[in-house]
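# Reading the structure
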Amino acid sequence: MSFIDITERRRLEERLRRLASAVECIIGVRDRAGLAAIVSTAIRDLIAADGATLVLRDGDTGEYLDANADTDIWQGPRFPLADGAAGWVMRHAAPLTLTDITDDPRTPPELRPGAPVRGLCLVPIGRTSPLGAIACYWSEPHRTSEQELGLAQALAHAVAVGLANLDLIGRLTEARAVAERLAQVKSLFLANMSHEIRTPMNAIVGLAHLLARGARDPDQEDKLGKITAAANHLLAILNDILDFSKIEAGKLELEENDFDLGSVLRRACTLVADQVRAKGLTLALHVDPVLTAATGLRGDPTRLTQLLLNYLVNAVKFTEHGSIDLEATGSEEGADSCLVRFAVRDTGSGIDPAEQGRLFDAFEQLDASTTRRHGGTGLGLAINRRLAELMGGAVGVQSAPGVGSTFWFTARLGRGAPAGSGAEPWPAPVVDVPDAPESMLRRDYPGTCVLLAEDNPINQEVALELLRGAGVRADLAADGAQALALAGERAYDLILMDMQMPVLDGLEATRLIRQLPGYTATPILALTANAFGEDRARCLAVGMNDHVGKPVEPEVLFAALLKWLPRRPSRLERTPGPQPGSDTVPPLVDAAPAEPPLARLAAIPGLDTTLALRSVAGRADRLLRVLRVFINSSGDHPARVRKLLAAGDAPGAQRIAHSLKGAAATLGATEVQTQALALELALREGRPHAEIEPLIDRLDATLSGLLVAIRDSIDAPV
């Protein structure tokens, strides 16, 4: 082998090394501009060309991406594929080499006159249906060797792979963007549906609770109990669906708070204690002494309680005789965390081993027949599996037919602040129901005064009645601006704040209240139908302390008040006389008014007085008062909608329609409710003015006629 052969071999090896390096860069490229820069630089290094460009096919045209030359040599960035050398290469899927274009009739017409090009080499990108071409040129005549042509073609094959990757990346990016938009739409839909469902459920649960407190007829008590049970069952289904949707979408985030494990366990047992007693079962709680040390734990106590309740409720449901045991043991100890194993053991019917494998799958029910004894969504155990995995643990079951079942899960919990010294001694073999939170409020917090910020009349009525019944004084603000004004005038022990209100929403009102003197530490609790974790995060971000969901469950509300009210409630000094918006205004006489007004109201078309009375807990005097408010405050709603639309404020017009719809639903004004809903939907969908104006006209006429009829019925002499 001669010295020349060795030199040529080394030169080829160096070119192959550069080719491999270029291929590696091409595979990792993420955009066309980067690809063009890599290709034009690599081809010059490989075959010593004076310049190069990447040409990509775009339908029936080609596009020069990078000339990589000191001067412009091409007529334009785009050209028809029917013309030019690059077009010929892509049409024929074959390379083209020109030694000297001045002596060759195939001179590319896309070259500018006087361009410093003599030698030219073009290779297609792709073997069958080229995606483009690589064009190389020399300023002097140049005969392209077979080795140079082979290197250029090898680089072109790598570029074809790079372009395929770019196409895949583009498709994946677009698909991801679509998926994210769909996830946002889904989350918004679920949030809106949660709000729309929970708001009327709040009225059902709250009013049933209030009516039950004053019921004396056993038949009425039984019916009210069934209403409450059905409403709570519907809420449980709604919560399961929302939780599962959030978990599937990756939207559920666990909180990190210090908590006392004993309190969490006792609360879970307390929540099922009534059901346990009703079935004649016993419920026992056993805690590993290792977990009873003074050091507290850190994690998400709300989700931990949810895990425990899903198991406990199932145990009560499927156990007819015997006992249920809740156990907590420490299985792994670490400096910063510990793995805790929780188990619920029952003496129920048990589960066949062949069926146990699908227990924790979504929507699975071992008895899926329409005649099954026990209902449910089949989501509870699936949610437990996902929650346990989020907590760094797992789930499982041991069961035998006729013996019973043990459902367990593990969770890795951090080390938190030391637990309070008032913890109860362990183990606690039998769970007793503590004093009702309402009784504790009435006994231990006399004189407490809270501010309620809520714009929905039904929610106002329910919340105020619940607070009054617990001995808590409350001032009412119908929007965030009123809440801010009242907080600036006097001090409150606690504030209940709705998130969605007119004028000033709950988030902004909270942020401004926190800036008032003396309100840096006042507990502010979000009172809202928004059920998503991100909504809770927004509440906490502006300075709220906690979140109470709607429909408001009385025991949950009272428990939240007990948790956050100062240990020594302040004795507020009140100015004499009633305050605006306060429930301390002297109440109207409770005696029912004369019958004729109700009879006349019942005869009004489009007004269901049965629904209206139900929304005010059967109080006829209260209904007449609310109807007067409705007469005085709602007549101008259609005109306000028109004014806002003329000013370009479609969201504001939609809020007015939504508010009128809610008020009409409260008062049984069914026709106004239906028409206000139609207007709200039209505004939400952004329909043209020609479609919206007739809806406003129709609503205006119906509302005006109804208000006149109500006024005449109320004011007519008895």
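Residues numbered from 1 in each chain as written. Predicted model: local features only at pLDDT ≥ 70, side-chain atom pairs only at ≥ 80, totals over all residues. Heavy atoms only, no water.

It is worth spelling out the overall build of the protein chain at this point. Within the protein chain, the regular secondary structure consists of 21 helices and 18 strands. Per-residue burial over the protein chain gives 44% buried out of 718 residues. About 35300 Å² of surface is accessible on the protein chain, with carbon and sulfur atoms providing 56% of the total. (Helix = DSSP H or I, 4+ residues; strand = E, 2+ residues; numbered from the N terminus. Buried < 20%, exposed > 50% of the residue type's maximum accessible area, 1.4 Å probe, protein only. Areas by Shrake-Rupley, 256 points an atom, 1.4 Å probe, with all protein chains shown as cover.)

Once that is clear, we can look at the sheet that holds strand β5 (residues 119–125). With antiparallel pairing, the six strands of this open sheet are ordered in space as β3-β2-β1-β6-β5-β4. Of all the strands in the sheet, just β3 (78–80) and β4 (96–98) have a single pairing partner and so form its edges. Neighbouring strand axes in the sheet, compared pairwise and without regard to direction, differ in orientation by 20° on average. Here helix α2 (residues 32–47) sits on the sheet and contacts β1 (51–58), β2 (61–64) and β6 (132–138); the angle it forms with β1, its principal contact strand, is near 140°. Docked against the sheet, helix α3 (residues 85–92) engages β1, β2, β3, β4, β5 and β6, running at close to 35° with respect to β5. (Pairing = 2+ DSSP bridges. Axes fitted to C-alpha atoms, helices over the stretch in contact; angles between N-to-C directions. Contact = heavy atoms within 4.5 Å.)

It is worth spelling out α2 at this point. Its 16 residues place the ends of α2 22 Å apart at the C-alpha level, agreeing with the 22 Å of an ideal helix rising 1.5 Å per residue. Considered for burial, the residues of α2 that qualify are L35, A36, V39, S40, A42, I43, L46 and I47. Just beyond α2, the residue with positive phi is A48, at close to 55°. (Expected span 1.5 Å × (residues − 1).)

Applying the stated criterion across every chain, the model contains four aromatic pairs. When the centroid spacing of 5.5 Å and the interplanar angle of 45° are considered together, the rings of Y311 and F407 count as tilted. Within this pair, whereas Y311 is found in helix α7 (residues 301–317), its partner F407 is found in strand β13 (residues 404–418), the two being separated by 96 residues in sequence. Residue Y311 is classed as buried on the basis of its relative accessible area of 3%. Seen in terms of ring centroids, Y311 and F409 are 5.9 Å apart; in terms of plane orientation they differ by 50°. Their pairing is tilted. (Phe/Tyr/Trp six-rings, centres within 6.5 Å; stacked < 30°, edge-to-face > 60°.)

The next point concerns the pairing of β2. In this structure, β1 lies alongside β2, joined through four bridges in antiparallel fashion. Paired with L56 across the strands is E63, a residue of β2. Adjacent in sequence and paired antiparallel, β1 and β2 are bridged by two residues, among which G59 carries a positive phi angle near 70°. One ladder, built from three bridges, connects β2 with β3; its direction is antiparallel. Pairing of T61 across the sheet is with P80, part of β3.

Take the nonpolar core next. L265, F342 and F409 are the most contacted members of the largest nonpolar core, which has 45 residues in total. By residue number, the principal contributor to this core is α7, which donates eight residues. Beyond its immediate stretch of four places on either side in the chain, F342 contacts L261, L265, L304, L308, E327, A328, F407, W408, F409 and L413. Counting 32 residues, the second largest nonpolar core, distinct from the first, contains L624, F630, I656 and L706. (Core = buried A, V, L, I, M, F, W, Y, C linked by side-chain atoms within 4.5 Å.)

What follows is about the side chain of N310. Along the chain, the position of N310 falls in helix α7. Given a relative accessible area of 16%, N310 falls into the buried group. Separated by 2.8 Å, the side chains of N310 and N384 make a polar contact. If we skip the residues at most four places from it in the chain, N310 touches G380 and N384. (Polar contact = N/O pair within 3.5 Å; in protein donor to acceptor, adjacent residues only side chain to side chain.)

Overall, the predicted model of the protein chain reaches an average pLDDT of 78, with 79% of residues at or above 70. For the stretch residues 368–376, pLDDT sits under 50, and the model shows nine contacts to residues farther than four places along the chain or on other chains. Note on residues 568–595: pLDDT is under 50 here. Beyond four places in sequence and across chains, it has 45 contacts. (pLDDT = per-residue confidence, 0-100.)

All right, on to the pattern of salt bridges then. Scanning all chains against the criterion turns up 21 salt bridges. Among the salt bridges present, the one from R642 reaches D697, with a minimum N-O distance of 2.5 Å. A residue pair is termed long-range when its members are at least 10 positions apart, and R642 in helix α18 (residues 637–646) and D697 in helix α21 (residues 689–715) qualify at 55 residues. In this structure, D700 engages R642 in a salt bridge whose closest nitrogen and oxygen atoms are separated by 3.5 Å. With D700 in helix α21 and R642 in helix α18, this residue pair connects regions lying 58 residues apart in the sequence. The exposure class assigned to D700 is partly exposed, which follows from its relative accessible area of 24%. R642 sits in the partly exposed class, given a relative accessible area of 27%. The structure contains a network of salt bridges with shared partners spanning R642, E693, D697 and D700. (Salt bridge = Lys/Arg side-chain N within 4 Å of Asp/Glu carboxyl O.)

Turning our attention to the pairing of strand β14 (residues 449–453). Judged by how many residues are buried, β14 sits mostly within the fold: five of five residues are covered. Here β14 shows two buried faces, one formed by C449, L451 and A453 and the other by V450 and L452. Where β14 lies against strand β15 (residues 473–477), five bridges are found, and the strand directions are parallel. Bridging across to β15, C449 finds its partner in R473. The sheet contact formed by β14 and strand β16 (residues 494–497) spans four bridges and is parallel. Bridge assignment links V450 to a residue of β16, and that residue is L494.

Turning next to unusual backbone geometry. One non-glycine residue with positive phi stands out, namely A93, at about 55°. In this fold, A93 is placed in the loop between α3 and β4. According to the relative accessible area criterion, A93 is partly exposed, its value standing at 26%.

Okay, the environment of M544 next. Within the secondary structure, M544 is located in the loop between α13 (533–541) and β18 (546–549). Sequence separation between M544 and R511 is 33 residues; the distance between their C-alpha atoms is 8.6 Å. Not counting the four nearest positions on each side in its chain, M544 is found in contact with M497, G506, L507, T510, I524, A526 and C539.

Once that is clear, we can look at the packing of helix α6 (residues 261–278) against α7. Where α6 meets α7, the closest approach of the two axes is 10 Å, and the angle between their N-to-C directions is 30°. Taken together, the axes of α6 and α7 are roughly parallel relative to one another. The element α6 and its partner α7 pack so that their crossing is right-handed. In this structure, α6 contributes L261, V264, L265, A268, C269, L271, V272, Q275 and V276 to the contact, and α7 contributes P301, L304, T305, L308, L309, L312, V313 and V316. (Parallel < 35°, antiparallel > 145°, perpendicular 65-115°, else oblique. Left-handed = near helix turned anticlockwise from the far one by under 90°.)

Right, let's get into α6. Over its 18 residues, α6 extends 27 Å from the first C-alpha to the last, a length consistent with the 26 Å expected when each residue adds 1.5 Å. Those residues of α6 not exposed but buried are L261, G262, V264, L265, R266, A268, C269, V272, A273 and V276. G280 sits one or two residues past α6 and shows a positive phi near 70°.

Looking now at the environment of I197. Tracing the backbone shows I197 in helix α4 (residues 146–214). In the structure, I197 is positioned 37 residues away from L234 in sequence and 9.8 Å away in space, judged by C-alpha atoms.

Another aspect to go through is the packing of helix α11 (residues 480–489) against helix α12 (residues 506–513). Two elements in contact, α11 and α12, have axes separated by 9 Å at closest approach and are oriented at 20°. With respect to α12, the axis of α11 lies roughly parallel. Where α11 crosses over α12, the handedness of that crossing is right-handed. Counted together, G480, A483, L484 and A487 of α11 and A509, L512 and I513 of α12 form the full contact between these two elements. Classifying every residue of the contact of α11 with α12 by side-chain character gives six nonpolar, one polar and no charged. (Nonpolar A, V, L, I, M, F, W, Y, C, P; charged D, E, K, R; others polar.)

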